[in-house]
Amino acid sequence: MSNPYPPEGGLLSTPENRAAAATLAALERCQAEETVLEGRAVLCTPEHDLVVEVGPFTGTIPRQEAALGIREGSAREIAILSRVGKPVACTVSAVGEKLCFSRRRAQELALEHLLALPVGTILPGVVTHLEGFGAFVDVGCGVTSMIGIENCSVSRIAHPNRRFAVGQEICAVLTGQDRALGRLYLSHKELLGTWAENAARFAPGMTVTGWVRGVKPYGTFVELAPNLTGLADQTEGLAEDDRVSVYIKAIQPARRKIKLTILEKLAVGGQPAPFSYVISSGQLTGWDYTAPLSRPL
């Protein structure tokens, strides 16, 4: 498997995962090698043990093995309850009369791997939940880290749900680690490109759609892309998060400004286009939004 510790759901349907869980002998090999598998949690018992289907077999993840932090009391029970009906990463801890798995051990292995990566590594992730201050992202076997709202994009947003949805597959860049605490720090905006890279997708005379991101006495800020915002004259009757059509009057690269005319407010509906990543793999060694290009390794 090219990435042994993807976000949960990334292994479940792969041929490698099916082969690794096809027989008891295969599971015994996985136990000896601490291979991470994926199954699906089908129920949670009153004792908060997870019953999981892994390949053709049904086994148990005991409560204390169901998530990092459960043993220590630093994780809440919702970390277990919320997995029912969803894929779970796990290692094999017992094969025989009783088949047992450990999600905690899979997460320990993933975290060890992630803590050893160089800062700047670009990671695949899946959004797990959203709070007003940031988006929580699974970056491997259910190990989550947060992208702060200020790092979601250059364009300012009122809530991460303007940018992400739960279950969405995204990319993130590793900006730091705290090995003592086992924490990872992530960002997202760097992968969406510089001002110049975003502005190159537009030209004066175009009419496009955008999202109102700020209404000020001197004008209305309209997001054309997550890392690109233009300014229109102040328009009555608009509020933040309104969707509008805009005419691009001018693009001024030297000043990094885009002048717009708002044509009309559009009906509520639809979402911003899927992310157009300028960089989605490898390593980022530096980034300057005002520079003409991002700087991948």
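Trainee: Mind showing me how you'd approach the overall build of the protein chain here?
Mentor: Along its length, the protein chain carries 5 helices and 17 strands. For the protein chain, the C-alpha atoms occupy an extent of roughly 70 × 40 × 35 Å along the three principal directions. Put simply, the protein chain has 297 residues, and 46% of those count as buried. Across the protein chain, every contact between residues at least 6 apart in sequence was considered, and the portion connecting residues at least 24 apart equals 62%.

Trainee: Mind showing me how you'd approach the packing of aromatic side chains here?
Mentor: Ring pairs (aromatic) are described by centroid distance and by the angle formed between their planes. All chains considered together, the criterion is met by 5 aromatic pairs. Ring geometry for Phe-133 against Phe-136: centres 6.1 Å apart, planes inclined by 85°, an arrangement best described as edge-to-face. Owing to a relative accessible area of 48%, Phe-133 belongs among the partly exposed residues under this scheme. Aromatic ring contacts, followed pair by pair, group Phe-164, Phe-275 and Tyr-277 into a single cluster.

Trainee: Explain helix 2 (residues 24-33) to me, please; I cannot follow it from the model alone.
Mentor: An α-helical segment advances 3.6 residues per turn. Residues three or four places apart therefore align on the same side. Those residues of helix 2 not exposed but buried are Ala-26, Leu-27 and Cys-30. Taken down its axis, helix 2 places every buried residue within 100° of arc, on the same side.

Trainee: Help me understand the pairing of strand 2 (residues 50-54) in this model?
Mentor: Two faces belong to every sheet, and in a regular strand the side chains alternate between them. The buried fraction of strand 2 is high, at 4 of 5 residues. Inspection of the sheet shows strand 1 (residues 37-44) paired to strand 2 by 4 bridges, in the antiparallel sense. Note that in strand 2 the partner of Ala-41 across the bridge is Val-52. Taking the residues that link successive antiparallel strands as the turn, the strand 1-strand 2 hairpin has 5 residues, and the phi of His-48 there is positive, at about 70°. Both strand 2 and strand 3 (residues 57-61) contribute to a ladder of 5 bridges, which runs antiparallel. Counted as the bridge partner of Val-51 is Thr-60 from strand 3. From the end of strand 2 to the start of strand 3, which pair antiparallel, there are 2 residues, and Gly-55 there has a positive phi angle of about 60°.

Trainee: Looking at this model, I keep getting lost on the pairing of strand 10 (residues 183-187). Mind explaining?
Mentor: Pairing geometry for strand 9 (residues 169-178) and strand 10, over 5 bridges, is antiparallel. Paired with Asp-178 across the bridge in strand 10 is Arg-183. Count of turn residues in the strand 9/strand 10 antiparallel hairpin: 4 residues, of which Gly-182 carries a positive phi of about 70°.

Rules used throughout
Residues numbered from 1 in each chain as written. Predicted model: local features only at pLDDT ≥ 70, side-chain atom pairs only at ≥ 80, totals over all residues. Heavy atoms only, no water. Helix = DSSP H or I, 4+ residues; strand = E, 2+ residues; numbered from the N terminus. Buried < 20%, exposed > 50% of the residue type's maximum accessible area, 1.4 Å probe, protein only. Contact = heavy atoms within 4.5 Å. Phe/Tyr/Trp six-rings, centres within 6.5 Å; stacked < 30°, edge-to-face > 60°. Arc of directions from axis to C-beta. Pairing = 2+ DSSP bridges.

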